Number of protein chains: 2
Amino acid sequence: MGDEVGIIGGTGPLGRGLALRFAKARMSVRIGSRDPERAREIVAGLADRLGEDAARVVGVGNADATEAEMVVVAVPFEGLRPALEPLADRLRDRIVVSAVNPLAFDGDGPYSLVVPEGSAAELCVALLPGARVAAAFHSLSARQLGRLDEPMDDDVLVLSDDEDAMARTVELAARIDGVDGLAAGPLRLAAPLEGLTAALIAVNQRNRCHAGVRLTRVPR
Amino acid sequence: MGDEVGIIGGTGPLGRGLALRFAKARMSVRIGSRDPERAREIVAGLADRLGEDAARVVGVGNADATEAEMVVVAVPFEGLRPALEPLADRLRDRIVVSAVNPLAFDGDGPYSLVVPEGSAAELCVALLPGARVAAAFHSLSARQLGRLDEPMDDDVLVLSDDEDAMARTVELAARIDGVDGLAAGPLRLAAPLEGLTAALIAVNQRNRCHAGVRLTRVPR
């Protein structure tokens, strides 16, 4: 697989966490934002923690983030449509990995939003004709991703209707120290994977932790 | 907690598997069915595997299964309404644990059904006024539950809007050898937990396994 990843909406907590881990895995990372200046500021802020790996991380506009071989989408759900609509031509035939969790919060904690397309990943399919959409990384704790002194201890379930896109996303996930990627199935299974993050956040709030998910009894 | 559990729809694969594990945990188990004769046949068929623990398992009609202190619902989703409607009076004020996964299968494998009430667990709330509904056990492999020579290696996430019902369901789950119960949050988080089972079944089909779920980085 390629050694470069772009992250649309890479300046949020999950995007920053993934960027740190991919950079530590010796990948080149394009952190994208609506505002390239903001992306450059975020990258400058990560430099101390990355040491010599910082040289492979750049802050760019979202359009420039799509120049990477693999593109991860990590925008907040409400920003998904405005972020992707202007990028549809650029992302045709490309592998686009949705890490978007359509969640909201109220006094009772986190909950899943109902998405008319079925899931955030399926909304990506609707917004990006011809793109090869996968879904992954939903359950990774942004906080834990940022703790570079600790390996992760997580499985990333990967969904796609495109077997090659799924396989390459499994490989991308496995670049992160302590993460296994597992091919799970078609994109129509994305809604529960996205929604599970609400349950994990609820567990975290109850237990003051940053839980992750592992599958047991799966051949590795 | 009490030492008796009833299983509405206990003759299906999940119900039988839970019954075996609860019986091995020295609980008394009422396996319920629409057809009490069918329940007695199933119980007779489990006797060899349970040895002396078989004496604590009985086959009964679903109404008699509700006499137990804790009641688990393990009917197929399409049987949920007809099974519970006649039991609404009996189940008022009772702890009722939905293990129901609203799933279907087609040529592309398993997928989640859309439930107008939000989830099977929330449909239980609608069908059972005054019942104290929890949701749990969704991701336990029926096949693995039946392998009594192997401990489970699973977390059971428990949801309820009733803290006491949630705590007692956590204890019930923990009776199973190798299972931890984890209080997760309110019932409105049930849909993704129920739907996750579709992704697990898809993983199982790809990998010829019977996967389970563990959370990492949670204090035990």
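Conventions and cut-offs
- Residues numbered from 1 in each chain as written.
- Chains lettered and ligands numbered in written order.
- Predicted model: local features only at pLDDT ≥ 70, side-chain atom pairs only at ≥ 80, totals over all residues.
- Heavy atoms only, no water.
- Helix = DSSP H or I, 4+ residues; strand = E, 2+ residues; numbered from the N terminus.
- Rg over C-alpha atoms; globule rule 2.2 N^0.38 Å.
- Buried < 20%, exposed > 50% of the residue type's maximum accessible area, 1.4 Å probe, protein only.
- Contact = heavy atoms within 4.5 Å.
- Areas by Shrake-Rupley, 256 points an atom, 1.4 Å probe, with all protein chains shown as cover.
- Pairing = 2+ DSSP bridges.
- Axes fitted to C-alpha atoms, helices over the stretch in contact; angles between N-to-C directions.
- Polar contact = N/O pair within 3.5 Å; in protein donor to acceptor, adjacent residues only side chain to side chain.
- Phe/Tyr/Trp six-rings, centres within 6.5 Å; stacked < 30°, edge-to-face > 60°.
- Buried area = accessible area lost by both parts, 1.4 Å probe.
- Salt bridge = Lys/Arg side-chain N within 4 Å of Asp/Glu carboxyl O.
- Nonpolar A, V, L, I, M, F, W, Y, C, P; charged D, E, K, R; others polar.

A. Looking closely at the overall build of chain A. Helix and strand content of chain A: nine helices and 11 strands. Relative to the globule expectation of 17 Å for 220 residues, the C-alpha radius of gyration of chain A, 16 Å, shows essentially globular dimensions. The C-alpha extent of chain A, read off along each of the three principal axes, is 40 × 40 × 40 Å. Buried positions account for 59% of the 220 residues belonging to chain A. Contacts in chain A between residues at least 24 apart in sequence constitute 75% of all its contacts with a sequence separation of at least 6. Of the roughly 8,600 Å² of accessible surface on chain A, 48% is carried by carbon and sulfur atoms.

B. Representation of the sheet that holds strand β5 (residues 95–98) of chain B. Residues and elements named next belong to chain B. Strand order in this open sheet of eight strands is β3-β2-β1-β4-β5-β8-β9-β10, and the pairing throughout is mixed. With partners counted over all chains shown, the strands left at the sheet margins are β3 (57–61) and β10 (179–185), one partner each. Adjacent strand axes in the sheet meet at a mean angle of 25° when their direction is disregarded. Where strand β2 (residues 28–33) lies against β3, five bridges are found, and the strand directions are parallel. Counted as the bridge partner of S33 is G61 from β3.

C. View of the side chain of B:D154. With respect to the helices and strands, the residue B:D154 is situated in strand β9 (residues 154–160). Reaching out from B:D154, the side chain makes a polar contact with the side chain of A:R217 at a distance of 2.8 Å. Setting aside anything within four residues of it in sequence, one finds B:D154 in contact with A:T216, A:R217, B:S139, B:L140, B:G178, B:V179, B:D180, B:G212, B:V213 and B:R214.

D. Structural context of the packing of aromatic side chains. Residues and elements named next belong to chain A. Throughout the structure, instances matching the rule amount to two aromatic pairs over all chains. Judged by centre distance (6.1 Å) and plane angle (80°), the rings of F22 and F137 are edge-to-face. On the criterion of sequence distance, the pair formed by F22 in helix α1 (residues 13–24) and F137 in the loop between β8 (132–135) and α7 (142–145) is long-range, its members being 115 residues apart. Classification of F137 as buried rests on a relative accessible area of 1%.

E. Focus on the interface of chain B and chain A. Counting residues at the interface gives 42 residues for chain B and 42 residues for chain A. Roughly 3,300 Å² of surface becomes buried between chain B and chain A when both sides are summed, with 58% attributable to carbon and sulfur atoms. Its largest share of buried area at the contact with chain A, chain B owes to B:R188, B:R206 and B:R217, together 23% of the area lost on that side. On the surface where chain B and chain A come into contact, there are six salt bridges. With a shortest N-O distance of 2.8 Å, A:R217 and B:D154 are connected by a salt bridge. The interface formed by chain B and chain A contains 17 residue pairs in polar contact (both at pLDDT 80 or more). Where the side of chain B that touches chain A is concerned, the elements lending two or more residues are β7 (109–112), β9, α8 (163–174), β10, α9 (190–207) and β11 (212–216) of chain B. At 11 residues, α9(B) tops the list of elements feeding residues into the side of chain B that touches chain A. Of the residues that constitute the side of chain B that touches chain A, the class distribution is 23 nonpolar, 10 polar and nine charged. Strand direction decides the pairing type here: strand β11 (residues 212–216) of chain A and β11(B), joined by five bridges, are antiparallel. Paired with A:G212 across the two strands is B:T216, which belongs to β11(B).

F. Spotlight on the environment of A:L157. Structurally, A:L157 is set in strand β9 (residues 154–160). On the basis of relative accessibility, which here comes to 9%, the residue A:L157 falls in the buried class. Counting along the chain gives 36 residues from A:L157 to A:L193, while the straight-line C-alpha distance between them is 8.1 Å. Excluding residues that lie within four positions of it along the chain, A:L157 makes contacts with A:A135, A:A136, A:L182, A:A184, A:L193, A:L215, B:A199 and B:V203.

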